[in-house]
Amino acid sequence: MTKNRLEQRRTVLKNIISTSTLALVAASGLLLPQRLLAHWPMDAFNAQTIEDALMALLGHADVVNDSVVQFKVGSPPSYAVNGASVPVEIRSTLEEIERIIVLVEKNPNPLAMSLDFTAVVNLPFKSMIKINEDSLVIAVISAGGKLYKTSRMVEVDIGGCG
Amino acid sequence: MGLEAKDRIRVKLKENETSVRLLLAHPMHTGRAKNETGELIAAVFIQDIRCWRNDDQVLTIKCGTATARNPYFSFQLLGGQQGDKITIRWVDNMGAKGTAETIVR
């Protein structure tokens, strides 16, 4: 009797140990790919609003409206015939720029691009973006731990996200 | 026939900076456009572009679908001299990769 019960106890213990190790392995295995994927901030790019995108990217969304950022969208400025390629140009007198983020308010996913700067990179930065409809285009510059924001209203004749 | 689609870099040495221009050959499908038969074209877009000068990584660009077709970027690097090697690499969401390099003269 006692022997039987002891054996039972042993198997139960064994089972507990093996399931718990399995669970640990599974947990660590599940965590790993997430960390690997983190180099492309999916949450931020899939966010539907500007606040969500900034939150996911930077962890906070306290931005200072500032004119130290010169920002041009479209040519002629504030107007684009074809929303599929709208030129953007960002200039600034700020120093120690860590990051520049370009957002288009009315796009299905507002975050267009995020640039990680090092000390040797200098502005102006130019690129082309897609704009779906008439919308505010926002440039956020992160420098010295602060966020500076400038926005421009852009009119688009043909939407560029179709 | 049109020009062969390939990634291009142009660099120009200025007084105390190097200007870099990139033109990547990529369709940048957003996943919302439709083809002739009305089917959605799957999203294919560049996610990550990195730029090196010699052995130092100088710039990382993360793109969403809102970057225009055949992405174009232009920026300046402080300093620089003849013989610097500028390298870029990109990866899209399907895992396709591209690379281009040039030497400053």
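Up top is the structure.
Being a predicted model, the structure only gives us computed values, none of them experimental.

This brings us to unusual backbone geometry. The omega angle of the peptide bond from L123 of chain A to P124 of chain A is 5 degrees, so this bond is cis rather than trans. Within the secondary structure layout, P124 of chain A lies in strand β7 (residues 121-129). Of note in this structure, M28 of chain B is not a glycine but carries a positive phi near 50 degrees. Locating M28 of chain B in the fold gives a position in the loop between β2 (17-23) and β3 (46-53). Relative accessible area serves as the criterion here: at 2%, M28 of chain B is assigned to the buried category. In the Ramachandran plot, N70 of chain B falls in the positive-phi region, its phi being about 50 degrees despite a non-glycine side chain. Its place among the elements puts N70 of chain B in the loop between β4 (56-63) and β5 (72-78). Note on N70 of chain B: relative accessible area 34%, which makes it partly exposed.

Attention shifts here to the pattern of salt bridges. Here the structure, examined in full by the defined rule, presents four salt bridges over all chains. A salt bridge links E89 of chain A to R91 of chain A; the shortest N-O distance between them is 2.8 Å. One salt bridge connects R99 of chain A with D116 of chain A, and the closest N-O pair in it is separated by 2.8 Å. A residue pair is termed long-range when its members are at least 10 positions apart, and R99 of chain A in strand β5 (residues 97-104) and D116 of chain A in strand β6 (residues 111-117) qualify at 17 residues. Overlapping salt bridges bring together D48, R50 and K62 of chain B as one network.

Looking now at a negative patch on the surface. Side chains of E133, D134, E155 and D157 of chain A sit close together on the surface and give a patch of like negative charge. Here D157 of chain A shows up in strand β9 (residues 146-158).

So, on to the environment of L78 of chain B. Relative to the helices and strands, L78 of chain B resides in strand β5. On the basis of relative accessibility, which here comes to 36%, the residue L78 of chain B falls in the partly exposed class. The contacts of L78 of chain B, once residues within four sequence positions are left out, are A119, V120 and N122 of chain A together with N16, E17 and R53 of chain B.

Calculation rules
Residues numbered from 1 in each chain as written. Chains lettered and ligands numbered in written order. Predicted model: local features only at pLDDT ≥ 70, side-chain atom pairs only at ≥ 80, totals over all residues. Heavy atoms only, no water. Helix = DSSP H or I, 4+ residues; strand = E, 2+ residues; numbered from the N terminus. Buried < 20%, exposed > 50% of the residue type's maximum accessible area, 1.4 Å probe, protein only. Salt bridge = Lys/Arg side-chain N within 4 Å of Asp/Glu carboxyl O. Patch = residues over 30% accessible without salt bridge, like charges linked within 9 Å, V, L, I, M, F, W, Y side chains within 5 Å. Areas by Shrake-Rupley, 256 points an atom, 1.4 Å probe, with all protein chains shown as cover. Lys, Arg positive; Asp, Glu negative; His and termini not counted. Charge placed at Lys NZ, Arg CZ, Asp CG, Glu CD. Contact = heavy atoms within 4.5 Å.

None of this, on its own, says anything about what the molecule does.
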